[in-house]
Amino acid sequence: MSTHSITLKVNGEEHTREVEARLLLVHLIREELELTGTHIGCDTTSCGACTILLNGRPVKSCTMFAVQASGAEIASVEGLATNGNLHPIQEGFTEKHGLQCGYCTPGMMMTTVALLKDNPNPNEEDIRWGVAD
Ligand code: FES
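Residues numbered from 1 in each chain as written. Predicted model: local features only at pLDDT ≥ 70, side-chain atom pairs only at ≥ 80, totals over all residues.

J.: Would you explain the overall build of the protein chain in this entry?
T.: The number of helices and strands found in the protein chain is four helices and five strands. Against the compact-globule benchmark of 14 Å for 133 residues, the protein chain has a radius of gyration of 15 Å, which places it among compact chains. Seen along its three principal axes, the alpha-carbon backbone of the protein chain occupies a region of about 50 × 35 × 25 Å. Out of the 133 residues belonging to the protein chain, those deemed buried represent 30%. Counting only contacts in the protein chain whose residues sit at least 6 apart along the sequence, the fraction spanning at least 24 positions is 51%. (Helix = DSSP H or I, 4+ residues; strand = E, 2+ residues; numbered from the N terminus. Rg over C-alpha atoms; globule rule 2.2 N^0.38 Å. Buried ≥ 20, exposed ≤ 12 C-beta atoms within 10 Å, placed from the backbone. Contact = placed C-beta atoms within 7 Å.)

Right, here's the structure in full:
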């Protein structure tokens, strides 16, 4: 088994790990870094529960190897709140009860953060398309 040394920044904190080439990014985030707010739903690139931001872009972390993220900046749901204050997206989801079972909510919030960064005033169609990816 060969391993690779990777360094990446997650929620502003730099991490270096020795990982197998086959390790998925979502497993690195959840199991190595213990950031379990990123969920695994389908494991087949369909549901988006595992969505994180990779260099500011939403990525399904079950579809990417950890080694591919070496050198990247990653944001997970744990990085949204600052100084104990919820991010406006978290407040919005809370206020509007924007969830069903809640399992995919972390991924939906990360996707929404990226959507609003690109388009601060989306219409309903923009939102539907934005969160459908
Ligand atoms: S776990 Fe469903 S898209 Fe990654």
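J.: Is there a simple way to explain unusual backbone geometry in this structure?
T.: Excluding glycine, most residues fall at negative phi; most peptide bonds, likewise, are trans. For asparagine 11, which is not glycine, the phi dihedral falls at a positive 50°. The topology assignment puts asparagine 11 in the loop between strand E1 (3–10) and strand E2 (13–20). For asparagine 11, a count of 17 C-beta atoms within 10 Å translates into the label partly exposed. Phi at threonine 45 is positive, roughly 70°, even though this residue is not glycine. Mapped onto the fold, threonine 45 is located in the loop between helix H1 (25–32) and strand E3 (51–54). On the neighbour-count criterion, threonine 45 (11 C-beta atoms within 10 Å) is exposed.

J.: Sorry if this is basic, but what is going on with the nonpolar core here?
T.: In terms of nonpolar packing, the biggest core is built from 28 residues, with Leu25, Ile52, Ala66 and Ile74 touching the most fellow members. Elements that contribute at least two residues to this core include exactly E1, H1, E3, strand E5 (73–75) and helix H3 (105–118). The contact partners of alanine 66, leaving out residues within four places of it in the chain, are Ile6, Val19, Leu23, Leu24, Leu25 and Leu28. (Core = buried A, V, L, I, M, F, W, Y, C linked by C-beta atoms within 7 Å.)

J.: Even after reading the chapter, I still don't get the sheet that holds E5, so can you show me in this structure?
T.: Pairing between the strands of a sheet comes from backbone hydrogen bonds, and it takes one of two forms, parallel or antiparallel. Read from one edge to the other, the open sheet built from five strands follows the order E2-E1-E5-E3-E4, with strand pairing classed as mixed. Of all the strands in the sheet, just E2 and strand E4 (57–60) have a single pairing partner and so form its edges. Between one strand axis and the next, the sheet turns through 40° on average, direction left out of account. Running at roughly 35° to E3, H3 makes contact with E3 and E4 of the sheet. (Pairing = 2+ DSSP bridges. Axes fitted to C-alpha atoms, helices over the stretch in contact; angles between N-to-C directions.)

J.: Would you mind going over H3 with me for this structure?
T.: Each turn of an α-helix holds 3.6 residues, which means side chains three or four residues apart point in the same direction. Counted at 1.5 Å a residue, the expected span for H3 with its 14 residues is 20 Å, and the 20 Å between its end C-alpha atoms agrees. The complete set of buried residues in H3 reads Pro106, Gly107, Met108, Met109, Met110, Thr111, Thr112 and Val113. The inward-facing, buried residues of H3 abut E3, E4, helix H2 (88–95) and helix H4 (124–132). (Expected span 1.5 Å × (residues − 1).)

J.: Just checking my understanding: could you explain the packing of H2 against H3 for this structure?
T.: Two quantities define a packed helix pair, namely the angle between the axes and the distance from one axis to the other. Where H2 meets H3, the axes come as close as 10 Å, and the angle between the chain directions of the two elements is 125°. Put simply, H2 runs oblique to H3. As for the relative orientation of H2 and H3, their crossing is right-handed in sense. Within the contact between the two elements, H2 uses Ile89, Gln90 and Phe93 and H3 uses Thr105, Met109, Thr112 and Val113. Among the residues making up the contact of H2 with H3, the classes are represented as four nonpolar, three polar and no charged. (Parallel < 35°, antiparallel > 145°, perpendicular 65-115°, else oblique. Left-handed = near helix turned anticlockwise from the far one by under 90°. Nonpolar A, V, L, I, M, F, W, Y, C, P; charged D, E, K, R; others polar.)

J.: Got a minute to help me understand the environment of leucine 28 in this structure?
T.: Along the chain, the position of leucine 28 falls in helix H1. Counting along the chain gives 38 residues from leucine 28 to alanine 66, while the straight-line C-alpha distance between them is 6.5 Å. Sequence-distant contacts of leucine 28, that is, excluding residues within four places in its chain, are made with Arg17, Val19, Leu23, Leu33 and Ala66.

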